[in-house]
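# Working through the structure, step by step
What follows is the residue order along each chain.
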Amino acid sequence: MLLNSRAVAAVLGLVTGGITMLFLGMVTKMQPAALFFSFVVVYSVAALSIYITLEFLIFRELNRLYSMVERMKKKDYKEIKRTFKKYSFRPINRLGDQMVKFASRKEEEIDELKSLETYRREFLADVGHELKTPVFAAQGFIDTLIDGAVDDPEVRDKFLKKASKSLDGLKELLEELDTLSQLELGAINMRPIRVEVRSLVNDVFEQLEDRAAKRNTILKFESRPDRPIFVLADPMRIRQVLNNLVENAIKYGNDNGRITISLDAEKEFVNLSVRDDGPGIAGEHLKRIFERFYRVEKSRNKNMGGVGLGLAIVKHIVEAHESKITVNSKLGKGTSFSFRLRKAKAEPSITEAKENEVSGRPGL
Ligand code: ADP
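Since the model is a prediction, treat every value here as computed from it, not as a measurement.

Here the focus is the overall build of the protein chain. On a plain count of helices and strands, the protein chain comes out with 11 helices and seven strands. When burial is assessed residue by residue, the protein chain has 35% of its 364 residues classed as buried. A separation of at least 24 residues holds for 71% of the contacts in the protein chain among residues at least 6 apart in sequence. Accessible surface computed for the protein chain: about 23300 Å², of which carbon and sulfur atoms make up 57%.

Structure, rendered in structure tokens:
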């Protein structure tokens, strides 16, 4: 660039000097020596001023680039983006653009790292809190027993049962945490097979009918078409998803409520939804309920919910089936969770039928 500005100044100086000399030669009767002298003077003044102007401009712009580099060193990426102005020279402009792009990328990376850090901190705090509750409760019951309550058989049995219940909660939490981390690590592989989806719904209803009966809740099943529907899915995991959604609907729904699982078969997919007529979930919570440990405040206070991992697990399983779980809810009206599964051929091939005979897989 230094060489270029010199060359540009020299060429422009020569042109200016030449034109002046021609002009003077035509309009005056100057001697060749005087003409040459004026050429030298015009050339020097023009070349020098052009050179100084170029150098000054480039120097100033380079200085601006340099201050951007300084800001980069200080990781002041926001300031780079804010103060960036277009430069007058194209190459410098391009360089400036590249630096701003780099700064934007770095800023995004920093924001992401910050949110991961917040997430990590919140996660640790949540795990700590959730572990503390059952452990402290169990410890409290056992300490009371050690302090003498053990001598009263009635109190002893009651406290032992309570301690055991607290530890059950702890076990459940550890199991859910383990499942979630395995799912996130990709260590749990889905084993999709062709499975009749209505049989999965039946299993879930059978498993939860007692709990539903305790709240006088009706479990309803709707299917379109009303005949066996085969999907490609990991039956154990999809059962877990349905189980979790129906269990939540019982837990958070109203007494005397109604829970409906509906299947709607289309050409390639089967849409599944679990709908309840419970109190619903407010908009501000809806977008967060799939986060780990997220619970709606009311359910925390009532102390009736789990630890807030159920829906995070559901989301992972559904996504591992190349689907997406969606939720719709209206306060006072109810909530509905939906996802879809890929349809499988209705008739098993001869080889598959033989394999299923050997392995005795249900629902095929
Ligand atoms: P938990 O283990 O607490 O049940 P989940 O992850 O399964 O956690 O659910 C997260 C929160 O979403 C629950 O705490 C509850 O407040 C809310 N929720 C889930 N399902 C329903 C539902 N059917 N009706 C109302 N609220 C629900």
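So, on to the site of the ligand. As a matter of local geometry, the ligand sits amid 19 residues, with Asn248, Tyr252, Asp276, Gly308 and Leu311 nearest to it. At 3.1 Å from an oxygen atom of the ligand is found a side-chain nitrogen or oxygen belonging to lysine 251. In the environment of the ligand, a nitrogen atom lies 2.8 Å from a nitrogen or oxygen atom belonging to the side chain of aspartate 276. For the ligand, the accessible surface in isolation is 540 Å², of which the surrounding protein chains cover 97%. If you list the elements that add at least two residues to the shell around the ligand, you get helix H7 (235–252), helix H10 (310–320) and strand E7 (334–342). A breakdown of the residues in the shell around the ligand according to their chemical character gives 10 nonpolar, six polar and three charged.

Looking now at empty space enclosed by the protein. Counted under the stated rule, the structure contains one cavity of 30 Å³ or more. Volume-wise, the largest cavity comes out at about 30 Å³.

Moving on, we get to the environment of asparagine 93. Position of asparagine 93 relative to the elements: it lies in helix H4 (residues 90–146). Distance in space between the C-alpha atoms of asparagine 93 and glutamate 61 is 9.5 Å, their sequence separation being 32 residues.

Attention now moves to unusual backbone geometry. Geometrically, the link from arginine 224 to proline 225 is a cis peptide bond, its omega value of 0 degrees lying close to zero. A positive phi is found at phenylalanine 293, a non-glycine position, where the angle reads about 70 degrees. Summarising the element assignment, phenylalanine 293 is placed in the loop between helix H8 (283–286) and helix H9 (297–302). In this structure phenylalanine 293 comes out as buried when scored by relative accessible area, which is 2%.

Now for the confidence of the model for the protein chain. Model confidence for the protein chain is summarised by a mean pLDDT of 85, while 89% of its residues fall at 70 or above. Residue range residues 356–364 is modelled with pLDDT below 50. Its contacts to residues more than four positions away, or to other chains, number 12 contacts.

Looking now at helix H2 (residues 32–73). Helix length check: H2, at 42 residues, gives a terminal C-alpha distance of 59 Å against a target of 62 Å (1.5 Å per residue), a fit within 8%. Of all the residues in H2, the buried ones are Leu35, Ser38, Phe39, Ala46, Ala47, Leu54, Ile58, Glu61, Leu65, Met68 and Met72. Residue lysine 75 follows H2 closely and has a positive phi angle near 60 degrees.

Moving on: the nonpolar core. If you look at the biggest cluster of nonpolar residues, it comprises 51 residues, and the most contacted ones within it are Leu242, Leu245, Ile289 and Phe339. If you list the elements that add at least two residues to this core, you get helix H5 (153–185), helix H6 (197–214), strand E3 (230–233), H7, strand E4 (258–265), strand E5 (269–276), H10 and E7. When sequence neighbours within four positions are dropped, the list of residues in contact with leucine 245 reads Val274, Leu311, Val314, Ile325, Phe337 and Phe339. One finds Met72, Ile80, Ile92 and Met99 within the second-largest nonpolar core, a separate group that totals nine residues.

Looking at the element boundaries, isoleucine 58 is found in helix H2. Here isoleucine 58 falls in the buried class, since its relative accessible area comes to 6%. Distance in space between the C-alpha atoms of isoleucine 58 and serine 5 is 9.2 Å, their sequence separation being 53 residues.

Before going further, it helps to examine a nonpolar patch on the surface. Taken together, the side chains of Val11, Val15 and Ile19 present a nonpolar region at the surface, about 270 Å² in accessible area. In this fold, valine 11 is placed in helix H1 (residues 2–27).

Here we take up the side chain of glutamate 130. With respect to the element layout, glutamate 130 can be found in helix H4. When sequence neighbours within four positions are dropped, the list of residues in contact with glutamate 130 reads Leu173, Phe293, Arg295 and Val307.

This part is about the packing of H5 against H10. It is at 10 Å that the axes of H5 and H10 come closest, and there the two elements cross at 30 degrees. By the angle between their directions, the pair H5 and H10 is classed as roughly parallel. In the packing of H5 onto H10, the handedness of the crossing is left-handed. Seen from H5, the contacting residues are Glu176, Thr179, Leu180, Leu183 and Glu184; seen from H10, they are Gly310, Ala312, Ile313, His316 and Ile317.

Counted residue by residue, E4 has six buried out of eight residues, so it is predominantly covered. Taken together, the seven bridges between strand E2 (residues 218–224) and E4 define a ladder with parallel strand orientation. In the strand pairing of E4, isoleucine 218 is matched with arginine 258. Examined bridge by bridge, E4 and E5 share seven bridges and lie antiparallel to one another. Bridge pairing in E5 links isoleucine 261 to valine 274. Taking the residues that link successive antiparallel strands as the turn, the E4-E5 hairpin has three residues.

This brings us to the environment of glutamate 117. Examined against the element boundaries, glutamate 117 turns out to sit in helix H4. A relative accessible area of 32% places glutamate 117 in the partly exposed class.

Cut-offs used in this document
Here the residue index of a chain counts from 1 through its sequence in written order. Reporting in this predicted model follows two pLDDT cut-offs: at least 70 for local features of residues, and 80 or more for side-chain atom pairs to be given and counted; totals over whole chains, interfaces and linings ignore these cut-offs and use all residues. Heavy atoms from the whole structure form the basis of all side-chain values; hydrogens and water molecules are not counted. Counting from the N terminus, the helices are the DSSP runs of H or I reaching at least four residues and the strands are the DSSP runs of E reaching at least two. Relative accessibility decides the category of a residue: with a 1.4 Å probe and only protein chains considered, values under 20% of the type maximum give buried, values over 50% give exposed, and everything between is partly exposed. Contacts: residue pairs with any heavy atoms within 4.5 Å of one another. Computed with a 1.4 Å probe, the accessible areas rest on the Shrake-Rupley method; for each residue, only the protein chains presented here act as cover. The near set for a molecule or strand comprises every residue that places at least one heavy atom within 4 Å of it. For this analysis, a polar contact is any N or O atom pair within 3.5 Å, provided that within protein one partner can donate a hydrogen and the other can accept it, and provided that sequence-adjacent residues contribute only side-chain to side-chain pairs. In the scheme used here, Gly and all other residues not listed as nonpolar or charged are polar, with Ala, Val, Leu, Ile, Met, Phe, Trp, Tyr, Cys and Pro taken as nonpolar and Asp, Glu, Lys and Arg as charged. Any residue with an atom within 4 Å of a point lines the site, the site being either a cavity, points on a 1 Å grid over the protein atoms alone where a 1.4 Å probe fits but cannot get out, or a pocket, an open set with protein on both sides within 12 Å along at least 5 of 7 lines. Grid points are joined across faces, edges and corners, and a volume is the space filled by probe spheres set on the points. Each residue carries a pLDDT score, the predictor's confidence in it, ranging from 0 to 100. Here the expected length of a helix is defined as 1.5 Å per residue gap, with one fewer gap than residues. By convention a nonpolar core is built from buried Ala, Val, Leu, Ile, Met, Phe, Trp, Tyr and Cys residues, the set being connected through side-chain atoms within 4.5 Å. Each patch is assembled from residues with relative accessible area greater than 30% and no salt bridge, linking like charges that lie within 9 Å and nonpolar side chains (Val, Leu, Ile, Met, Phe, Trp, Tyr) that lie within 5 Å. Counted as salt bridges are all cases of a side-chain nitrogen of Lys or Arg within 4 Å of a carboxyl oxygen of Asp or Glu. Axis definition: a line fitted to C-alpha atoms, over the contacting stretch in the case of helices. Angles run 0 to 180 degrees between N-to-C directions. Oblique is the label for any angle not covered by the other classes, which are roughly parallel (under 35 degrees), roughly antiparallel (over 145) and roughly perpendicular (65 to 115). Handedness of a helix crossing follows the sense of rotation of the near helix relative to the far helix, less than a right angle counterclockwise being left-handed and clockwise being right-handed. Strands are treated as partners if at least two bridges between them are detected by DSSP.

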